[in-house]
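So the chains spell out like this:
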There are 2 protein chains.
Amino acid sequence: MKKYIPILKRTRLFSGVGEEEIGAMLNCLQARLCTYKKGEYVLRQGEHTDTFMILAEGKLHIQCDDYWGNRSIINMVSAGEMFGEAYAAPESGAVMNDVLAVEDSVIILFDVKRIITVCPSACRFHSAVVQNMFYAISEKNRSLVQKITFMSKRTTREKLIAYLSEEAKRHNSSEFSIPFNRQQLADYLSVDRSAMSNELCKMRDEGMITFEKNRFVLYDDGTI
Amino acid sequence: MKKYIPILKRTRLFSGVGEEEIGAMLNCLQARLCTYKKGEYVLRQGEHTDTFMILAEGKLHIQCDDYWGNRSIINMVSAGEMFGEAYAAPESGAVMNDVLAVEDSVIILFDVKRIITVCPSACRFHSAVVQNMFYAISEKNRSLVQKITFMSKRTTREKLIAYLSEEAKRHNSSEFSIPFNRQQLADYLSVDRSAMSNELCKMRDEGMITFEKNRFVLYDDGTI
DNA sequence: ACAAGTCTGTTGTTTTTACAACGGAAAAGA
DNA sequence: TCTTTTCCGTTGTAAAAACAACAGACTTGT
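Residues numbered from 1 in each chain as written. Chains lettered and ligands numbered in written order. Predicted model: local features only at pLDDT ≥ 70, side-chain atom pairs only at ≥ 80, totals over all residues. Heavy atoms only, no water.

Engineer: What is the right way to look at the relation of the copies chain B and chain A in this model?
Structural biologist: The operation linking the two copies of the chain is a rotation about an axis combined with a translation along the axis. Once chain B has been moved 0.0 Å along the axis and rotated by 180°, it coincides with chain A to within an RMSD of 0.1 Å. Look at the turn and shift together and you get a two-fold axis relating the two. Looking at the rotation axis and the C-alpha trace of chain B, the residue lying nearest is N141 of chain B, at 3.0 Å. (Least-squares fit on C-alpha atoms with pLDDT ≥ 70 in both.)

Below, the structure is given as structure tokens:
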């Protein structure tokens, strides 16, 4: 567990908290470690949970497969990000999505009640962590809204433009890598992979973009 | 302001807090009132805000109009619900959506920093409110994910089925009213209104549902 | 009561997407 | 190295959605 303290220090939740205090808080918050191999499920739809989690290593997808096998990737979790916080409320019910490890992953589990209620041993930085947690959830909220604005576009091309523009903005560069392969991007935008692939190539042929694997370059010709 | 204390008492945020304490906290949290006529905007895309708000009376839509005039309704806010909390974080940037009053509305504004930091006058119920706030944001988070699962369905019919099923579940009844008219529902599900209207009527003709205005009845023939 | 405006369903056309199937390139594994 | 699997682009077809235009019912405001 100690091994991950430097990683935790760089997370949103423990921003501004020293390594020693984090070590103390790990006890206070009853943190536990879990590891998952690529392809394993961290959570399955219908299960119940009341812990919240930080991904220390690896990559996860929050996703949802329907009856007919259509997959929808709700969100991606990178190392250092937290998840599961939406099910912290006592009456939050069953988990609506699967959480899949798309890389070998290490997860740290916390007892959520211990964070949001006042710490019995009153660790010094507890209030900072509460504040950080609040900000982190707000951020997640915004990223969901962001995804909704991508999905709300009518055509595949508009969805791609919206998504790629946002990634460029986020990277402060017209050249960037995306965290998805083609199938995953299609699942994220809720479109058909082959149709999307086709549309990407059309956009390339029209001089809007170039790409190689998951690295993209956008060209500003004033049409976006 | 006092007039709205009974309303506030029934909100998620002040759940478990007595009317007297709410009165005291309104000062502590620097609450302010704002009223909006139907059709007025509470917030516009690109503005900045660092207050969070509770809708005391009326109805709001969180929405987003793109360059071509396509409207997307991200979410609906009913009386007693809060909004704007996603922009509470200091570096959260400009607001991504419009907030429109679809009915005459009364809004109570709070200084968000005063909630999540420890109260200087240490009101007794402050920690309960922090906890409530946390749960409320979690709930909003889940409702966004819910909406994403509707939108991720491939066809208009599937989107309708997903949405109507969820409403039935939420109302614990196969008969219920929805808070949208046809155009608004189409904007919420990101589909064309006329195509959606058409699909609804087909579903009615096939005996899956009946409806009148915004009141729907679902019939379970085992196909859903 | 009347006029203006809104809401909803209907239809036909055009555009776009989903779906299926395939082949080559690249990556992974034995 | 060789085989197997995954990834990605391509094409054609069928299905679905967007779009536009319209008419009747209902609401709202005067």
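Engineer: What's the story with the packing of helix α4 (residues 126–151) of chain B against helix α5 (residues 156–171) of chain B in this structure? I'm lost.
Structural biologist: Residue and element names in this part refer to chain B. As a packed pair, α4 and α5 sit with axes 8 Å apart at the nearest point and diverge in direction by 145°. Across the interface between the two elements, Q146, F150 and M151 of α4 pack against K159, A162, Y163 and E166 of α5. Residue composition of the contact of α4 with α5, grouped by class: four nonpolar, one polar and two charged. (Axes fitted to C-alpha atoms, helices over the stretch in contact; angles between N-to-C directions. Helix = DSSP H or I, 4+ residues; strand = E, 2+ residues; numbered from the N terminus. Contact = heavy atoms within 4.5 Å. Nonpolar A, V, L, I, M, F, W, Y, C, P; charged D, E, K, R; others polar.)

Engineer: I tried to follow the sheet that holds strand β1 (residues 32–36) of chain A on my own but got confused; where do I start?
Structural biologist: Backbone-to-backbone hydrogen bonds pair the strands of a sheet. The strands run either parallel or antiparallel. Residues and elements named next belong to chain A. Pairing in this open sheet of four strands is antiparallel, and the strands run β1-β8-β3-β6 from one edge to the other. For this open sheet the edge positions go to β1 and β6 (82–83), each flanked by a neighbour on one side alone. Across two bridges, strand β3 (residues 51–57) lies against β6 in antiparallel orientation. Paired with M53 across the two strands is F83, which belongs to β6. (Pairing = 2+ DSSP bridges.)

Engineer: It is not clear to me how the environment of F211 of chain B should be interpreted in this structure. Could you clarify?
Structural biologist: All names here are of chain B. Mapped onto the elements of the fold, F211 is located in strand β10 (residues 209–212). The sequence separation of F211 and L200 amounts to eleven residues, and the corresponding C-alpha distance is 8.9 Å. Contacts of F211, omitting those with residues within four sequence positions, involve R182, L200, C201, R204 and F216.

Engineer: Even after reading the chapter, I still don't get the sheet that holds strand β4 (residues 59–65) of chain B, so can you show me in this structure?
Structural biologist: All names here are of chain B. As summarised here, the arrangement of the four strands in space is β2-β7-β4-β5, forming an open sheet in which the pairing is antiparallel. In this open sheet, the two strands that pair with only one neighbour each are β2 (41–43) and β5 (71–78). Each strand of the sheet is rotated relative to its neighbour by a mean of 30°, with strand direction disregarded. By the bridge criterion, seven bridges tie β4 to β5 in an arrangement that is antiparallel. Bridging across to β5, Q63 finds its partner in I73.

Engineer: Teacher, can you tell me more about empty space enclosed by the protein here?
Structural biologist: One pass over the full model with this rule turns up three cavities of 30 Å³ or more. Put simply, the largest cavity is a space of about 230 Å³. Considering the residues around the largest cavity, the lining is formed by 19 residues, among which I62, G84, A86, Y87 and N97 of chain B are closest to the centre. For the lining of the largest cavity, the secondary structure elements donating two or more residues are α4 (126–151) of chain A together with β5 and α4 of chain B. The dominant element in the lining of the largest cavity, judged by the number of residues it contributes, is β5 of chain B, at four residues. For the lining of the largest cavity, the per-class residue count stands at twelve nonpolar, four polar and three charged. Considering only enclosed or pocket space, the second largest cavity measures out at about 60 Å³ in volume. (1 Å grid on protein atoms, 1.4 Å probe; cavity = no way out; pocket = protein on both sides within 12 Å on 5 of 7 lines; lining within 4 Å. Points joined across faces, edges and corners; volume = space filled by probe spheres on them.)

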